[in-house]
Amino acid sequence: MSSGRKTDPSQTATSGERDASRPRVRDQTARSPARTTSSFNTGEAVLLAAPALVCFVGFAVVPVVGVLALSFTTWDGLGEIHPSGLTSWRAVLADPGLPHAVWVTFLVIVASWAVQTPLSILLGTFLAGHQRYRGVLAVAYFIPLLLSSAAIAIAYKALLDPNFGLGAGLGIDFLSQDWLGRPGLAFGLVVFVVSWQFIPFHSLIYQGGVRQIPRSMYEAAQLDGAGRVRQFFSITLPQLKYTIITSSTLMVVGSLVFFDLIFVLTEGGPGDATRVLALDMYKRGFQANLMGPASVIAVILVLVGLLLALLLRRLGGREPGESQLEGA
């Protein structure tokens, strides 16, 4: 039964508009927690990254800026620091010993890379197996990296002494040579000792890279009749492309700062046969008390390291977010 009351169309429309507006209010309310969560995640990420950022600025950026400032001064390490403009830069760049130190550093980089890279790849591939004896060998191979560079240099210097070393004790003429008195032998010994110490580190990197390669790729190659050698060159090496770039970057940049091992083993000799830039920087700064020229060499080392790292990254051609495995 009708009540006799008529409904106002305007009131009905207003009610419909209110009903239509309610979902939008709920949508805004539903989106609000998402914005809050996003803001919270951003703040949390900044908070977590702050300690690393502080350490990076304190131990990387500030020292580099300080060394750059010292390169425009004259200072003996004890007295007052006197600004001298480009005096230190002119003295270093005009020194005929600088090109030789740069050349020796370049030779150490190339020779150590040529020795370490293939051996590290082979050892890393071998240790990537899951047999128990390979785990024992991995521990044994890693021991040289745990030793001090100075201790390693002292040990090799004693073992290769032509009068009282291993060669004289065992009567082996090959080991009784004057390893540290001949330029060619001294340089080769430096490369050998450096490689002996750091091959375990890069082998560990390649071991991890090989274990990331899908097993299905090797199984498919076996079905096609490919042997171990063919699998290594057709699957393992191509899949290790970015691992090789990473290892090479660490190897090349690390070769720029070899100091303690070379200082204890040869002190840059005989003559200047093993005088690399890092050792030249030490001798200028702490033996000749020329902190300005030493800072110039430090800046040169930083620039060369950055350029080499950028060059290797460009050669790798890897884009951010790209998978390490080709085809993945």
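It should be emphasised that the depicted structure is a prediction, and the values quoted were computed from it without experimental measurement.

Caption draft 1: Spotlight on the overall build of the protein. What the protein contains, in helices and strands, is 13 helices and 2 strands. The buried share among the 328 residues of the protein stands at 30%. A separation threshold of at least 6 residues defines the contact pool for the protein, and within that pool the share at least 24 residues apart is 66%. Just so you have it, the protein exposes about 20,200 Å², and 67% of that area is on carbon and sulfur atoms.

Caption draft 2: Just a nonpolar patch on the surface, in detail. On the surface, Leu53, Phe56, Val57, Val61, Val62 and Val65 cluster together to form a nonpolar patch covering roughly 520 Å² of accessible area. Looking at the secondary structure, you find leucine 53 in helix α1 (residues 9–70). For leucine 53, a relative accessible area of 53% puts it in the exposed group.

Caption draft 3: Looking closely at the confidence of the model for the protein. Per-residue pLDDT for the protein has a mean of 84; in total, 84% of the residues score no lower than 70. Mean pLDDT across the secondary structure elements of the protein bottoms out at α1, with 68, and peaks at helix α3 (residues 97–127), with 95. Confidence over residues 9–18 falls short of pLDDT 50; this stretch has 1 contact with residues more than four positions distant or in other chains. Segment residues 23–34: pLDDT under 50, and 0 contacts once partners within four positions in sequence are set aside and those in other chains are kept.

Caption draft 4: Looking closely at the pattern of salt bridges. Counted by the stated rule, this structure contains 4 salt bridges. For the salt bridge of aspartate 95 with arginine 284, the shortest nitrogen-to-oxygen distance reads 2.4 Å. In this pair, aspartate 95 is assigned in the loop between α2 (87–93) and α3 and arginine 284 in helix α12 (residues 277–287), connecting sequence segments 189 residues apart. A relative accessible area of 11% places arginine 284 in the buried class. Where arginine 284 meets aspartate 280, a salt bridge forms, and the shortest distance between an N and an O atom there is 3.2 Å. A residue pair is termed a helical-turn pair when its members lie 3 or 4 positions apart in one helix, as arginine 284 and aspartate 280 do in helix α12 at 4 residues. In this pair, the class of arginine 284 matches that of aspartate 280, namely buried. Overlapping salt bridges bring together Asp95, Asp272, Arg275, Asp280 and Arg284 as one network.

Caption draft 5: Region of the structure containing unusual backbone geometry. Cis peptide bonds are those with omega within 30 degrees of zero, and the linkage from glycine 269 to proline 270 qualifies with -5 degrees. Residue position: proline 270 is located in the loop between α11 (260–265) and α12.

Scoring rules and cut-offs
- Residues numbered from 1 in each chain as written.
- Predicted model: local features only at pLDDT ≥ 70, side-chain atom pairs only at ≥ 80, totals over all residues.
- Heavy atoms only, no water.
- Helix = DSSP H or I, 4+ residues; strand = E, 2+ residues; numbered from the N terminus.
- Buried < 20%, exposed > 50% of the residue type's maximum accessible area, 1.4 Å probe, protein only.
- Contact = heavy atoms within 4.5 Å.
- Areas by Shrake-Rupley, 256 points an atom, 1.4 Å probe, with all protein chains shown as cover.
- Patch = residues over 30% accessible without salt bridge, like charges linked within 9 Å, V, L, I, M, F, W, Y side chains within 5 Å.
- Salt bridge = Lys/Arg side-chain N within 4 Å of Asp/Glu carboxyl O.
- pLDDT = per-residue confidence, 0-100.

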